[in-house]
Every structure is written in C-alpha cells, then in structure tokens.
Amino acid sequence: MGKNWVLQKKRDHYYRMAKRENYRSRASYKLKQLNDRAHIIRRGDSVIDLGSSPGGWSQVAAELTGDGIVVAVDIDPMIPIKGVKFIQGDMLQEETMERIEEVVEGKVDVVISDMAPNISGHYSYDQARSVELAEMALRAAGRLLRPGGNFVVKVFQGDLFQTYLKTVRKQFRSVKVHSPKASRAASSEVYVVCMGFLGGGKDNQSI
Ligand SMILES: C[S@@+](CC[C@H](N)C(=O)[O-])C[C@H]1O[C@@H](n2cnc3c(N)ncnc32)[C@H](O)[C@@H]1O
C-alpha cells in the first residue's frame, strides 16, 4: 500500500468517524445508512452477516438487534465481538453453509452480505467474482431466511448485474438498488436491498 493510499484513508470522513466511534470499519456507516432507509434489521431479529471481517457490519447488526442473534461468517479471521457468534469459512464451500445451519437451528429474519473479492484490477474479472459471491449469498438467503425475511447484498455493477437482479426479483416482494453515501464516490459497488422473502418454493430456487 502506497503513502498516498494511507494519506487518503486518514483524510476520509467515514474512516475518521469510525475511529472516533469505535467501529472496526467505515463500512459500518453503509449498513447504518441502508437500515435508516429501509428498516432491514429490527430489534430481536436473528441476523447472518456474510463477509463480516473486520466486523463493522456485525457491530451495527448487534446494536440493531439488541438481544437478537448475530452470526458472522468470513473466510478470514475476525476478532470476537460481544454478542456475535463467528464462523470462519469460505462461503463458496457447502461445508460452511452446513456449519451455519447447525448454529442457527431453524430460519433467520435477515441475511446481509458485504462479501467482496480481492481486487485484481481487471474489472470484468473482479465483477464476475463479485457476482459469484452475491449468488452464493442469495443461495444462503434462500436456505436460511424465513418467509417475509430480508436480504441485503453488495454487488459490483457491470454486465452480469441485470441478470442477477432479475433472479433476485423473483424471490422477494420488493427489491431496490441503493448506493449509500458512505460508499466511495469512485466505487462501482451497489447494495441490493430485498424485503419480504417469498419462501423456498420450487420456482424460487433459480440459481
Ligand atoms: C468489504 S469486506 C467486509 C467488511 C465488513 N462488512 C465490515 O463491515 O467490516 C469483504 C469481506 O468479504 C470476505 N470474503 C470474500 N470472499 C469470501 C468467501 N468466499 N467466503 C467468506 N467471506 C469472503 C473477505 O474476507 C472480506 O473480509
């Protein structure tokens, strides 16, 4: 990482705010802003946070659910957070899904995914990897959500995005695409906010 990158990071408004307010990442504000708009997570909800490290979204999810349950999953380690159960595993592996199912015992209210690939710099490759992770998150949501549950997923915009959106729209009552203020202006990421899971009928398992 170059000197400029470090300088830019220190100047960043949300980075400084996260330091001040003891959040582990500036990403915390993206989930806060999405939730202020759409009321995705409510008090008492059970939440699965995919791609959770270093833990900014998990901290916010734990605040929003209060005495609800938060299960965080990442391929990388995560320093423990009070009230959050962490599973280290690759969401592209079936074994990780099975471990989540063992922990939650039943259906959950909300699945959130901020998973992102390591950036190679080749845009179409990075976008394809981002859509692959978003597809896995949707598959996990299909297995874990109760009917009526909510799902939020990060995706990089590009060629494959519209096809992904089409698939998601079949499975939720309402689907909206948001770009929270806390996302960097130059970023191609958007968040697909899906409310009201329609249930796991045959027609809804299209990925
Ligand atoms: C942008 S970061 C998430 C930041 C986090 N939401 C926060 O608020 O601190 C993306 C995360 O996705 C994780 N990730 C990428 N591929 C994954 C995979 N196949 N399975 C699980 N996690 C993955 C990365 O390890 C990384 O921690």
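Residues numbered from 1 in each chain as written. Predicted model: local features only at pLDDT ≥ 70, side-chain atom pairs only at ≥ 80, totals over all residues. Heavy atoms only, no water.

Let us now look at the packing of aromatic side chains. The way to describe two aromatic rings as a pair is by their centre distance and the angle between their planes. Within the structure shown, the criterion is met by five aromatic pairs. Ring centres of Phe 151 and Phe 172 lie 5.9 Å apart, and the angle between their planes is 20°; this geometry places the pair in the stacked category. On the criterion of sequence distance, the pair formed by Phe 151 in strand β5 (residues 145-156) and Phe 172 in strand β6 (residues 172-178) is long-range, its members being 21 residues apart. An angle of 45° between the planes, with centres 5.4 Å apart, marks the rings of Phe 172 and Phe 197 as tilted. With Phe 172 in strand β6 and Phe 197 in strand β7 (residues 189-197), the pair connects residues that are 25 residues apart, well separated along the chain. Comparing Phe 172 with Phe 197, the two get one shared label, buried. (Phe/Tyr/Trp six-rings, centres within 6.5 Å; stacked < 30°, edge-to-face > 60°. Helix = DSSP H or I, 4+ residues; strand = E, 2+ residues; numbered from the N terminus. Buried < 20%, exposed > 50% of the residue type's maximum accessible area, 1.4 Å probe, protein only.)

If you check the shell around the ligand, you find 21 residues, and the closest are Ser 25, Trp 57, Asp 74, Asp 90 and Asp 114. The side chain of Ser 25 places a nitrogen or oxygen atom 2.9 Å from an oxygen atom of the ligand. The backbone of Ser 53 places a nitrogen or oxygen atom 3.1 Å from an oxygen atom of the ligand. Contact with the protein chains hides 86% of the accessible area of the ligand, taken as 610 Å² for the molecule alone. Placement of the ligand is best described as lying within the largest pocket. Of the residues in the shell around the ligand, the class split is nine nonpolar, seven polar and five charged. (Near = heavy atom within 4 Å. Polar contact = N/O pair within 3.5 Å; in protein donor to acceptor, adjacent residues only side chain to side chain. Areas by Shrake-Rupley, 256 points an atom, 1.4 Å probe, with all protein chains shown as cover. 1 Å grid on protein atoms, 1.4 Å probe; cavity = no way out; pocket = protein on both sides within 12 Å on 5 of 7 lines; lining within 4 Å. Sits in = over half its atoms within 2 Å of the grid points. Nonpolar A, V, L, I, M, F, W, Y, C, P; charged D, E, K, R; others polar.)

A few words on helix α4 (residues 56-65). One turn of an α-helix holds 3.6 residues; hence residues three or four places apart share an orientation. With eight of ten residues buried, α4 lies mostly within the body of the structure. All of the buried residues along α4 are Gly 56, Trp 57, Ser 58, Gln 59, Val 60, Ala 61, Ala 62 and Thr 65.

This paragraph deals with the layout of surface pockets. For the largest pocket, the calculated volume is near 1,600 Å³. Around the largest pocket sit 48 residues that line it, and Ser 53, Asp 114, Ala 116, Pro 117 and Lys 154 are the ones nearest its centre. Broken down by secondary-structure element, the contributors of at least two residues to the lining of the largest pocket are α1 (3-11), α2 (13-20), α4, β2 (69-74), α6 (123-144) and β5. The element that contributes the greatest number of residues to the lining of the largest pocket is α6, accounting for four residues. Taken together, the residues of the lining of the largest pocket sort by class into 21 nonpolar, 13 polar and 14 charged. (Points joined across faces, edges and corners; volume = space filled by probe spheres on them.)

What follows is about the sheet that holds β7. One open sheet holds the seven strands; their spatial order is β3-β2-β1-β4-β5-β7-β6, and the pairing between them is mixed. Where the open sheet ends on each side, the last strands, each with one partner, are β3 (84-88) and β6. In this sheet, adjacent strand axes meet at a mean angle of 15° when their direction is disregarded. Running at roughly 155° to β3, helix α5 (residues 94-104) makes contact with β1 (46-50), β2, β3 and β4 (108-113) of the sheet. (Pairing = 2+ DSSP bridges. Axes fitted to C-alpha atoms, helices over the stretch in contact; angles between N-to-C directions. Contact = heavy atoms within 4.5 Å.)

In the structure shown here, the tally under the stated rule is ten salt bridges. Of the charged contacts, one joins Arg 143 and Glu 94 as a salt bridge, the two residues approaching to 3.0 Å between their closest N and O atoms. On the criterion of sequence distance, the pair formed by Arg 143 in helix α6 and Glu 94 in helix α5 is long-range, its members being 49 residues apart. Relative accessible area serves as the criterion here: at 40%, Glu 94 is assigned to the partly exposed category. Salt bridges linked by common partners bring Lys 30, Asp 114, Lys 154 and Glu 189 together as one network. (Salt bridge = Lys/Arg side-chain N within 4 Å of Asp/Glu carboxyl O.)

As a further point, take unusual backbone geometry. Among all residues except glycine, the phi angle is most often negative; among peptide bonds, the trans geometry is most common. A cis amide bond links Ser 53 to the next residue, Pro 54, at an omega of 5°. As for its placement among the helices and strands, Pro 54 is situated in the loop between β1 and α4. Positive phi values are uncommon outside glycine, yet Asn 22 reaches one of about 60°. By the element assignment, Asn 22 lies in the loop between α2 and α3 (28-38). Looking at Asn 22, the relative accessible area reads 61%, which means it is exposed. Of note, the phi angle at His 39 is positive, near 55°, even though the residue is not glycine. Within the secondary structure, His 39 is located in the loop between α3 and β1.

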